[in-house]
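# Summary of the model geometry
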Amino acid sequence: MSRQIRNILREHGIRLRKRWGQNFLKDEEVLEEIIRAAELNKDDLVLEIGAGTGVLTEKLAESSFRVIAVELDEGLCGILKERLANFDNVTIVQDDILKVDLRGVLKTFNLQPSTFNSIKAIGNLPYYLTTPIIFHLLKQRSLLSLLVIMVQREVAERLAAVPGGKDYGVLTLACQYHAEVEMIARVGREAFFPSPEVDSALIRLRILTEGSEERRVGKCVSAGGCRCIK
């Protein structure tokens, strides 16, 4: 798939911007793992973070009611519009995810809560913006049921840390107060094009309802139980 991605970028005259953390998933096994982790059905609305060349977007569209694909790069948005032209359930939004107000997006596209079951945020997060994006999404948690995100492995270990462990800290506490955190799989750097300098991990955050009796600070439902994907 590396060659396919490289050819697509070349054909459209797009040069990757390292400062934007543009590393695209190329491993089919990892892509399928994301779909399984998201537990998608035809009643779900998906907010995709950083749609890139649309490899994951296609799979999300096939498995859900509708996909709102957010991508900052104008050139990549052109690729997405061309690649996903046959999908009538995909809307491409050229914007910075940190500026995206989910309630406003629903209003803009006239998406009524009665037309879908839940909203799930899914994406491969730029490493340098991981924490701001997570906090931005958690601020809108009343609209979300699930987050399935790819992050740097060290960050994933902090998110899923248990009390008393060396990785437990403020980020752990903030996330586990609002969600059940589960590390789904460790993902090697070779699963991306171009390969980043660090390994990654797939994390699932299941948003807890306000006042939920399940909320327990410091809980990790799968400490050390994830699988490795190379």
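Structural data are supplied above this passage.
Residues numbered from 1 in each chain as written. Predicted model: local features only at pLDDT ≥ 70, side-chain atom pairs only at ≥ 80, totals over all residues. Heavy atoms only, no water.

Bringing the overall build of the protein into the picture now. The number of helices and strands found in the protein is eight helices and 10 strands. Once local pairs closer than 6 in sequence are excluded, the contacts in the protein between residues at least 24 apart make up 69%. For the protein, the exposed area adds up to about 11000 Å²; of that, 48% sits on carbon and sulfur atoms. (Helix = DSSP H or I, 4+ residues; strand = E, 2+ residues; numbered from the N terminus. Contact = heavy atoms within 4.5 Å. Areas by Shrake-Rupley, 256 points an atom, 1.4 Å probe, with all protein chains shown as cover.)

Attention now moves to the pattern of salt bridges. For side chains bearing opposite charge, pairing can occur when the charged atoms are close. Scanning the entire structure with this criterion turns up 11 salt bridges. The shortest N-O distance in the salt bridge between E28 and K59 comes to 3.3 Å. Of the two residues, E28 is situated in helix α2 (residues 28-38) and K59 in helix α3 (residues 55-63); the sequence distance between them amounts to 31 residues. By relative accessible area, which is 39% here, E28 ends up partly exposed. Look at K59 and you get buried, because its relative accessible area is 17%. The shortest N-O distance in the salt bridge between E32 and K59 comes to 2.9 Å. Note that E32 is positioned in helix α2 and K59 in helix α3, a separation of 27 residues in sequence. Three or more residues are tied together by salt bridges with common partners; here these are E39, E182, R204 and R206. (Salt bridge = Lys/Arg side-chain N within 4 Å of Asp/Glu carboxyl O. Buried < 20%, exposed > 50% of the residue type's maximum accessible area, 1.4 Å probe, protein only.)

A separate point is the side chain of T91. In this structure, T91 sits in strand β4 (residues 90-94). For T91, a relative accessible area of 11% corresponds to the buried category. When sequence neighbours within four positions are dropped, the list of residues in contact with T91 reads R66, V67, I68, A69 and F109.

Attention now moves to helix α8 (residues 170-178). Buried within α8 we find L171, T172, C175, Q176 and H178. Around the axis of α8, the buried residues are gathered within 165 degrees of arc, so they sit on the same side. (Arc of directions from axis to C-beta.)

Okay, helix α6 (residues 130-139) next. Residues of α6 that are buried: T130, I133, I134, H136, L137 and L138. Close packing links the buried residues of α6 with β2 (44-49), β5 (118-124), β6 (146-152), α7 (153-159), α8 and β9 (200-207).

Omega for the bond connecting F193 with P194 falls within 30 degrees of zero, at -15 degrees, which places this linkage in the cis form. Its location among the elements puts P194 in the loop between β8 (192-193) and β9. The phi angle at E39 is positive, at roughly 50 degrees, despite the residue not being glycine. The residue E39 is located in the loop between α2 and β2 in this model. According to the relative accessible area criterion, E39 is partly exposed, its value standing at 37%.

The contact between α2 and α3 brings their axes to 10 Å, and the two run at 35 degrees. Viewed along their axes, α2 and α3 form a crossing whose handedness is right-handed. In contact with E28, L31, E32, I34 and I35 of α2, α3 contributes V55, L56, K59, L60 and S63. Across the contact of α2 with α3, the residue classes break down as six nonpolar, one polar and three charged. (Axes fitted to C-alpha atoms, helices over the stretch in contact; angles between N-to-C directions. Left-handed = near helix turned anticlockwise from the far one by under 90°. Nonpolar A, V, L, I, M, F, W, Y, C, P; charged D, E, K, R; others polar.)

Among the secondary structure elements, V162 is positioned in the loop between α7 and α8. Considered as a pair, V162 and L173 are 11 residues apart in the sequence and their alpha carbons are 9.5 Å apart.

On the secondary structure map, V105 appears in helix α5 (residues 102-108). Given the relative accessible area of 10%, V105 is considered buried. In this structure V105 touches I68 and V100, once residues within four positions along its chain are discounted.

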